Structure formats: C-alpha cells, structure tokens
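Structural description and commentary
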Amino acid sequence: MELATPVKPAITTTRLEAFSDGVFAIAITLLIFGIKVPVISGPNAGNELKQQLLANWPGYLSFAVSFTNISVFWIGHHQMFQLISRSNRTLLWLNNLFLMCVSFIPFPAAVISTYGGQWISAVLYCGAIILAGLSLFTIWAYASGTGKLLYPGIPERVVQVAGRRILGG
C-alpha cells in the first residue's frame, strides 16, 4: 500500500486582504492629523477661532481629496481581489509595495495642505498618487498575466476591462 504525498493547498488571499484593510484603515485615519487645531487665547477667542478655522481650508481640502484617493485605491484593491483566487510570494511583495505607497500618502497630503502654493508640494503629492496607482496596476498585471492567480474561467474581456479601470483610477 502506497501512501499519498500530502498536497499543500494553494495560498489564499485572506491574510493579504486583512492586512491590506488594516493598512488602508490606518493610512486613511492618519490623514486627519494633517489638520491642526488652532491655538488661540485672549478675549476675542471666538472670532479668532472662526477666522483660523476658515483659514485652514487647504487642510480640509487636502483631507477630502486624499480620503477620496485612498478610498478609490481601497475599492480597486477590493474589487481586484474578488477575481484573484490565490497568492504567492511575489504577489505578497507587490502588495506590500502598493501598501507602502498608500501609507505614504498622508505625508504629501500634509505637505500640500501646509505648502500648497509651492510647486514641489504638488509634485510630491501627485507623484505619490501616481506611484500608488502604478503599483496597484502592477499587482493586477502580475496576478492576471505572469502569475496566473485569477479564478479559472474569467473571460479575457473582464481581465482587460479590470486592468483599464485600475490604471484609469
């Protein structure tokens, strides 16, 4: 009687997705720290507070735009992993690269809210968003092409449309 060699099951994406959700949650939460609470004292604090809060509109705008951008990345990541059935070491590293880009976004968001008039702050912010988008697309290109990690039977048209949506996002 010959014993069967145990076959290790495919690595699912469950832990990768849970870790990713945690990083997204932290990154999106860190955005609020770019908005500073005004420090005011004196007899006219009410009027001064109102003026300071209104003057902080670049911080609110940076928060809203960055929250939206990270949300777009999270939705794209979530939808992409509805089509990816399994993981491997390369996918894990590509995902970590993407998460590194996402977790960096609060920094240029804070810089642009403070120094919005400086071209370098816009370059830094746009560069961070572009790198995050390209790294997300790299995950898709690997999983749907070289890595062949998608669920079987997904039509090529779906793969192409998903790739364009990810890159367009």
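Residues take numbers from 1 onward in each chain, read along the sequence in its written order. Confidence filtering applies because this is a predicted model: local features only for residues at pLDDT of at least 70, side-chain atom pairs given and counted only at 80 or more, and all residues used for totals across whole chains, interfaces and linings. Only heavy atoms go into the side-chain values, all of them from the structure, while hydrogens and water stay out.

What counts as a helix is a DSSP run of H or I of at least four residues, what counts as a strand is a run of E of at least two, and both are numbered from the N terminus. A count of helices and strands for the chain gives seven helices and zero strands. In the chain, the succession of α and β elements from N to C terminus is α-α-α-α-α-α-α. Between the two quantities, the radius of gyration covers C-alpha atoms and the globule rule is 2.2 Å times the number of residues to the power 0.38. Here the C-alpha radius of gyration of the chain, 21 Å, is well above what a compact globule of 169 residues would show, namely 15 Å. Categorising residues by exposure relies on relative accessible area from a 1.4 Å probe, with only protein chains included: less than 20% of the type maximum marks a residue as buried, more than 50% marks it as exposed, and the intermediate range marks it as partly exposed. Here the chain holds 169 residues, and the buried ones make up 33% of them. For this analysis, residues touch if any pair of their heavy atoms sits within 4.5 Å. Contacts in the chain between residues at least 24 apart in sequence constitute 77% of all its contacts with a sequence separation of at least 6. Residue exposure ignores everything except the shown protein chains as possible cover, and the areas themselves are Shrake-Rupley values with a 1.4 Å probe. Summed over all atoms, the accessible surface of the chain reaches about 10900 Å², with 67% contributed by carbon and sulfur.

Below, the discussion takes up the environment of L167. Within the fold, L167 resides in helix α7 (residues 156-168). On the basis of relative accessible area, L167 is assigned to the partly exposed category, the value being 47%. Along the primary structure L167 and N88 are separated by 79 residues, whereas in three dimensions their C-alpha atoms are 22 Å apart. Every residue in contact with L167, bar those within four places of it in the chain, is listed here: L134 and F137.

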